[in-house]
Every structure is written in structure tokens, then in C-alpha cells.
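So you can see what is in the structure, the chains are spelled out below.
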Amino acid sequence: MTSTDGAAAIHSRRVGDIEVTVLPDGYLDATLAVVRNPPPDPEDLIRRHGGRVPPRISVNTFLVKSADRFALIDTGSGDSMGPTLGQLPRALAAVGVAPGAIDAILLTHMHPDHSNGLSDAAGQRLFPNAEVVLHENEIPHWFDDAAMARAIESQRIRYFGQAREQIAPYRRDRVREFRAGEVFPGVTAIPIPGHTPGHTAYLVASGRESLLVWGDTVHIPELQVPRPETTMMFDTDPAAAAASRVRVFDMVVAENLPVAGMHLHFPGFARMTKHAGAFALVPET
Ligand SMILES: [Zn+2]
């Protein structure tokens, strides 16, 4: 099902008895200065794979309806990243789901474009009835004063400071941390550390069907699919991020798993192929 309601484009797919709907938060036009370990001619590679220069990074969240409960995977950027982002509330309204109907927020990780939609500027929960579910390594990292002191200045406030503020209204009794395993009916957490210490993919499975919501396995698909060794300046551990990326790519190709990505272009769902050693993404329409 695809429909367009004003600026909010909605696309749903079924995974057995589970319904997964992409709820776009918007996009960000990045600069190539955020890329680390780039290939020799990154602009040419991006254009050859159909992308824009400077690279446009789409930002998605995914609504999961399973066993009559709603989970939201990530919350977008709230009002913290300018007018091209922060569209999740409108997308949620377009599918007729009130924020109070969300039972669980499954975070792939805490970064501004994923978790700044948790709470408003007054410190109120934007999802009043939801528990926040995330990997056990994530909150300790963002509350680690030594790690914060080591971070570059722009990330101290935007990453560490905002992560602390956003989780605070939930932290006393509405946070559930996991190591791995099933975290919501039909949804299994698969840690893929590197981008952040608690970065997690979620495998949605029902009956004979599955879908891997792979979080930030790629930020700029036109670069990191053909060149998985390409990392981002905001990777906590770039080498581990690149290793996790290849591990995920190999898994989805071997199992012919459809994927959903926070930074895949609309509709945010794709399949992956590998020919002559080269990975490629085939968007699902
Ligand atoms: Zn991201």
C-alpha cells in the first residue's frame, strides 16, 4: 500500500501477520566532509549509482503493528534538525495512529536523527505510553563522561548532551535494555556494534516471511553499498562499523532477506544482490 498525503508519503508492506510501514522523517543534504576512508572519486561513484551530490541522506522510521500492538523503530529528529526533517508526527497522523497508541519505541541507537523525537523541549515524553527499548551498551556510552570528554566539540552537545536530555523523561521506569533476542512480538534484536556501541538491527519475522530493519548499516547507499569500507565521521568505532556492515550485507544476500533502512531512499525497503564480489541494492517498489 502506497499513498501520498500532502508531504507525507506512506508505504506499507506485510511480513506474515505483521505490518511494517515506513514513516519518513525527511532528509538532510550532507557534505562529503562527513565521509571517512572514501573511494578515489566519491562524487562520480554517487552519481553512477543514481545519487545526488552533495549526498542526500533520507531519514526514515518504521511503524510495526504486531499482535495488535504498535512499535515504532526510531523517532526521527524532532524539531532539532531544521525544516527538512522532523516530519514523523505528520506521517504518524497520516496513518491514523496517535502517539499515545505507541506501546514500544525500539531504538536502533541514540543519535539526533533517531532519538531526538523522543521528548520535547520542555522534557515531556512525546510518546506518553511507550517504553523505550534499546541495547544495554547504548545508554552507558552516552552517559560516559570520559567518552564525552574525548568526543569532538560539536558532538559533545549534539550527541552526548541531547541523548541524555531525550532519554531522561523515560529513564526512571520506562526504559528496557536488552542484550539480544526477541524484544517485541515477532521482532528480534541483532546487535551490529560499531556505528555506536549499542547499534542494533531488528529482524521482523512472521510465518515464513522476514524483514531486516538494519538501522544505520548505510548512511549514503550510493557510496557504502559498492564500497562498504567507507565510514562516517560519526561512527563511534569506524573499523567495527565497517565490519558489521559487511557481516549484515553477507547475511542478507545469503538469506535473500528484504531490508529496511533508516537511510535508504523512499520507500525505504530494498533487496541486496552480490555479483562478481560487488554488492548492489534493488529498491522495493
Ligand atoms: Zn542515522
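Further up the page is the structure itself.
All of the points below concern the structure found in this document. Quick caveat, the model's predicted, so the values are computed rather than measured.

Conventions adopted
- Residues numbered from 1 in each chain as written.
- Predicted model: local features only at pLDDT ≥ 70, side-chain atom pairs only at ≥ 80, totals over all residues.
- Heavy atoms only, no water.
- Helix = DSSP H or I, 4+ residues; strand = E, 2+ residues; numbered from the N terminus.
- Rg over C-alpha atoms; globule rule 2.2 N^0.38 Å.
- Buried < 20%, exposed > 50% of the residue type's maximum accessible area, 1.4 Å probe, protein only.
- Contact = heavy atoms within 4.5 Å.
- Areas by Shrake-Rupley, 256 points an atom, 1.4 Å probe, with all protein chains shown as cover.
- Lys, Arg positive; Asp, Glu negative; His and termini not counted.
- Charge placed at Lys NZ, Arg CZ, Asp CG, Glu CD.
- Salt bridge = Lys/Arg side-chain N within 4 Å of Asp/Glu carboxyl O.
- Pairing = 2+ DSSP bridges.

1. Details of the overall build of the protein chain
When helices and strands are counted, the protein chain shows 8 helices and 17 strands. Relative to its length of 285 residues, the protein chain is compact, with a C-alpha radius of gyration of 18 Å against a globular reference of 19 Å. Overall, the C-alpha framework of the protein chain stretches about 50 × 45 × 40 Å when taken along its three principal axes. Within the protein chain, the fraction of its 285 residues that count as buried is 52%. Restricting the contact set of the protein chain to residue pairs at least 6 apart, pairs at least 24 apart contribute 68%. Entry remark: accessible area of the protein chain is about 12200 Å², with carbon and sulfur atoms responsible for 51%. Taken together, the 26 basic and 33 acidic charged side chains of the protein chain have centroids lying 1 Å from each other.

2. Thoughts on the pattern of salt bridges
Throughout the structure, instances matching the rule amount to 10 salt bridges. Among the ionic pairs, R176 bridges to E131, the shortest N-O distance being 2.7 Å. Linking R176 in strand β9 (residues 175–178) with E131 in strand β8 (residues 131–135), this pair joins segments that are 45 residues apart in sequence. Overall, R176 belongs to the partly exposed group, its relative accessible area being 30%. Residue R164 pairs with D145 through a salt bridge whose shortest N-O separation is 3.0 Å. In this pair, R164 sits in helix α6 (residues 153–171) while D145 sits in helix α5 (residues 145–150), placing the two residues 19 residues apart along the sequence.

3. Some details on the pairing of strand β5 (residues 56–66)
Across the 11 residues that make up β5, a large majority, 9, are buried. Note that strand β3 (residues 18–29) and β5 share 10 bridges and pair antiparallel. What sits directly across from P24, in β5, is N60. Counting the residues that bridge the hairpin from β5 to strand β6 (residues 69–73) gives 2 residues, and of these A67 lies at a positive phi of roughly 50 degrees.

4. A few points about the environment of E229
Looking at where E229 falls in the secondary structure, it is placed in the loop between α7 (221–224) and β14 (231–232). On the basis of relative accessibility, which here comes to 37%, the residue E229 falls in the partly exposed class. For E229 and N37, which are 192 residues apart along the polypeptide, the C-alpha to C-alpha distance reads 7.1 Å. Those residues in contact with E229, other than ones at most four positions away along the chain, are N37 and A242.

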